[in-house]
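Notes for the structure review
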Amino acid sequence: MAETPPLQAIDIRAGYGHGDVLKGVDLRVGGGKITTIIGPNGCGKSTLLKVLSRLLRPTAGSVLLSGSPLEQLRTREIARSLAVLPQLPVAPDGMTVAELVRRGRQPHQPWYRQWSEQDERITADAMRDTQVAELADTAVDRLSGGQRQRAWIAMSLAQQTELLLLDEPTTHLDMAHAVDVLELVTTLRDVTGRTIVVVLHDLGLAARYSDDLVVMKAGSIVAQGPPAEVLSEELLLEVFGLRAHLFDDPFDGLPTVIPVRRTGIGGAAPAGDGRGPLDVRDRSATWS
Ligand SMILES: Nc1ncnc2c1ncn2[C@@H]1O[C@H](COP(=O)(O)OP(=O)(O)OP(=O)(O)O)[C@@H](O)[C@H]1O
Ligand SMILES: [Mg+2]
């Protein structure tokens, strides 16, 4: 019999009251792997993460956490196994970075136990690993977009869960910090065997840092597997409407996506894409 995966979605349908956004999604994640969900804006990636973490209840289907239906578990129980970083998290007014990161320890603190040295060490490590230690006493609402993002990642790390769901953790980050976050995620997988589900838009980073890709389109999963098997020029065109060349990187052999330019500057518009060249010097120009 197949081993029980830490997190399993079975035939999930979900939405926001005006029809289903997710149209029957099946997903199994676990085994200390990094699974990256990719897909165009609005296809349902965040909705899926919300359902997987019970922030949104599905209209049909079920989510199992280590074999138990999510709806039967207590919130604290879920939070001890699964940490989620939403796409647009909001911290209470004036809350400092250290206070936010300490919140990650809440699921592990029974009412009879005070803040411990272990809690202190774990929050300090989380802030160090995300490079926000020097911002510990700064209010979250005074941080830059990238600093804020790293403070929230620190909070998810402090939760020390087997499963980590990160919705666009590299948004707002400069490339060096984006790479830092994904290297950190890789270390968490390699050193502590954590299972990580991440939503990314950068296909190059997704190809580099994922064991598996899950490709979504219009509320369904259309492809799934290791990046080198899943990514193809046909898939990019079908799913994103993106004309791109796919190369094997000469350094590590991983797929690299180079978009085909449409402007006619330094490259001809591709034939038959339904979009003619755009004259960028003309501010009123539109696709012909
Ligand atoms: N709170 C909400 N209320 C109503 N509709 C919503 C809500 N959140 C998302 N939607 C709708 O559900 C659909 C899927 O949204 P979702 O946020 O899951 O997309 P996504 O794939 O994460 O997109 P993005 O890449 O832009 O983050 C969209 O059509 C969106 O308008
Ligand atoms: Mg989203």
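Predicted model only: the values in this text are computed from it and were never measured.

To continue, consider the confidence of the model for the protein chain. Scored by pLDDT, the protein chain has a mean of 88; 89% of the residues are at 70 or more. Taken together, the stretch residues 267–288 has pLDDT below 50 and engages in 32 contacts with residues farther than four places along the chain or on a different chain.

This part is about the pattern of salt bridges. Inspection of every chain in the model, using the stated rule, returns 11 salt bridges. Residue Arg208 is joined to Asp252 by a salt bridge in which the shortest nitrogen-to-oxygen separation is 3.3 Å. Of the two residues, Arg208 is situated in helix 7 (residues 203–209) and Asp252 in the loop between strand 11 (244–248) and strand 12 (255–259); the sequence distance between them amounts to 44 residues. What you see here is one network of salt bridges that share partners, running through Arg121, Asp125, Arg128 and Asp129.

Turning to the layout of surface pockets, a few remarks are in order. The volume enclosed by the largest pocket comes to roughly 510 Å³. Contributing to the lining of the largest pocket are 21 residues, with Leu55, Thr75, Ala79, Val84 and Gln159 lying nearest its centre. Going through the elements one at a time, helix 2 (75–81), strand 6 (82–85), helix 3 (97–103) and helix 5 (145–158) are the ones with two or more residues in the lining of the largest pocket. Of all the elements, helix 2 adds the most residues to the lining of the largest pocket, at four residues. Counted by class, the lining of the largest pocket contains 13 nonpolar, five polar and three charged residues. Those elements that place two or more of their residues in the lining of the second largest pocket are helix 4 (117–129), helix 5 and helix 6 (175–192). If one sorts the elements of the lining of the second largest pocket by residue count, helix 4 sits on top with six residues. Taken together, the residues of the lining of the second largest pocket sort by class into seven nonpolar, four polar and four charged.

Thresholds applied
Counting restarts for each chain: residues are numbered from 1 in the order of the written sequence. Each chain is given a letter, starting from A, and each ligand a number, starting from 1, according to the order in which they appear as written. pLDDT decides what is reported in this predicted model: residues at 70 or higher carry local features, side-chain atom pairs at 80 or more are listed and counted, and totals for whole chains, interfaces and linings draw on all residues regardless. For side-chain calculations, the full set of non-hydrogen atoms in the structure is used, while hydrogens and water are omitted. In predicted models, pLDDT denotes the confidence assigned by the predictor to each residue on a 0 to 100 scale. The contact criterion used is simple: two residues touch if any of their non-hydrogen atoms lie within 4.5 Å. Salt bridge, as used here, is a side-chain nitrogen of Lys or Arg placed within 4 Å of a carboxyl oxygen of Asp or Glu. Counting from the N terminus, the helices are the DSSP runs of H or I reaching at least four residues and the strands are the DSSP runs of E reaching at least two. The way it works is a 1 Å grid over only the protein atoms, where trapped points that fit a 1.4 Å probe form a cavity and open points with protein on both sides within 12 Å along at least five of seven lines form a pocket, and then any residue with an atom within 4 Å of a point lines it. Grid points are joined across faces, edges and corners, and a volume is the space filled by probe spheres set on the points. Each residue gets one label: Ala, Val, Leu, Ile, Met, Phe, Trp, Tyr, Cys and Pro are nonpolar, Asp, Glu, Lys and Arg are charged, and the others, such as Gly, are polar.

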